[in-house]
Amino acid sequence: MPARIEKPEREWREQLTPEQYHVLREKGTERAFTGTYWDEHGDGVYRCAACGAEVFRSDTKFESGTGWPSFWEPAASDAVELHHDSSLFMHRIEVTCASCGSHLGHVFDDGPQPTGQRFCINSCSLELDRQEG
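A quick note: this is a predicted structure, and the numbers were derived from the prediction, not measured.

Colleague: Please clarify how the sheet that holds strand E7 (residues 103-108) should be interpreted in this entry.
Modeller: The strands making up a sheet are joined through hydrogen bonds of the backbone, oriented either antiparallel or parallel. Strands sit in the order E3-E4-E8-E7-E6-E5 across an open sheet of 6 strands; the sheet is antiparallel. The open sheet terminates on both sides in strands that have one partner only, identified here as strand E3 (61-62) and strand E5 (80-85). Alignment of E3 against strand E4 (residues 70-71), held across 2 bridges, turns out to be antiparallel. Of the residues in E4, the one forming a bridge with Lys61 is Phe71.

Here is the structure:
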């Protein structure tokens, strides 16, 4: 894993759209069924929209019916970090980019096999690097 990317919040705010900043840096959530990738079926690598690190791959993406892109595992075991999240009066597991610490979404234990996990990720926290072929 390369060195962690650290920037002042001012630089993140200049680099990201207002929606991306709210989700990635302020731990917001985009509305269901509104993001670019919830119904995306193309092949490629999903990268963190803040730093470009590879975080998920299209071959682990599945239709969860939730309105957010869902994956059954990250691109690599060290691509994301998991944190306890007790906001909104409930316990969830937050998913952040391991390279820059940006908020991506949450993971739940109701996904398909082989992992049984559902990484529920905000579209605006991702950029799809499409594979031709």
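Colleague: How should the sheet that holds strand E1 (residues 44-48) be read in this particular structure?
Modeller: Ordered in space as E2-E1-E9, the 3 strands form an open sheet in which the pairing is antiparallel. Looking along the sheet, the strands with just one partner apiece sit at the ends: strand E2 (54-57) and strand E9 (126-130). On average, each strand axis in the sheet is tilted by 35° relative to the strand beside it, whichever way the strands run. Two elements, E1 and E2, share 3 bridges in a ladder whose sense is antiparallel. Note on E2: the bridge partner recorded for Arg47 is Glu54.

Colleague: It is not clear to me how unusual backbone geometry should be interpreted in this structure. Could you clarify?
Modeller: With the exception of glycine, most residues fall at negative phi, and the peptide bonds are largely trans. Here the amide bond leading from Gln113 into Pro114 is cis, since omega sits at 20°, within 30 degrees of zero. Among the secondary structure elements, Pro114 is positioned in the loop between E7 and strand E8 (118-121). For Lys27, which is not glycine, the phi torsion reads 65° and is therefore positive. By the element assignment, Lys27 lies in the loop between helix H2 (18-26) and E1. Judged by its relative accessible area of 52%, Lys27 is exposed. Here Phe33, not a glycine, exhibits a phi torsion of approximately 65°, which is positive. Counting through the fold element by element, Phe33 comes out in the loop between H2 and E1. Assessed through its relative accessible area of 44%, Phe33 is described here as partly exposed.

Colleague: Explanation requested: the state of the cysteines in the structure shown.
Modeller: In a disulfide, the sulfur atoms of two cysteines are covalently bonded to one another. Across all of its chains, the model carries 0 disulfides by this definition. With no disulfide of its own, Cys48 lies 3.7 Å from the sulfur of Cys100, the closest cysteine sulfur.

Colleague: Before we go on, may I ask you to explain the nonpolar core in this structure?
Modeller: It is characteristic of soluble globular proteins that their nonpolar side chains tend to be buried jointly. Core analysis: the largest hydrophobic core is formed by 24 residues, its most contacted members being Val55, Phe56, Val80, Leu104, Phe119, Ile121 and Leu126. Mapped by element, the contributors of at least two residues to this core are H2, E1, E2, strand E6 (92-97), E7, E8 and E9. Excluding residues that lie within four positions of it along the chain, Phe56 makes contacts with Val45, Tyr46, Phe71, Glu73, Pro74, Ala75, Val80, Leu104, Phe119, Ile121 and Leu126.

Definitions and limits used
Residues numbered from 1 in each chain as written. Predicted model: local features only at pLDDT ≥ 70, side-chain atom pairs only at ≥ 80, totals over all residues. Heavy atoms only, no water. Pairing = 2+ DSSP bridges. Helix = DSSP H or I, 4+ residues; strand = E, 2+ residues; numbered from the N terminus. Axes fitted to C-alpha atoms, helices over the stretch in contact; angles between N-to-C directions. Buried < 20%, exposed > 50% of the residue type's maximum accessible area, 1.4 Å probe, protein only. Disulfide = S-S within 2.5 Å. Core = buried A, V, L, I, M, F, W, Y, C linked by side-chain atoms within 4.5 Å. Contact = heavy atoms within 4.5 Å.

Honestly, that's just the spatial picture; any functional story needs more than this.
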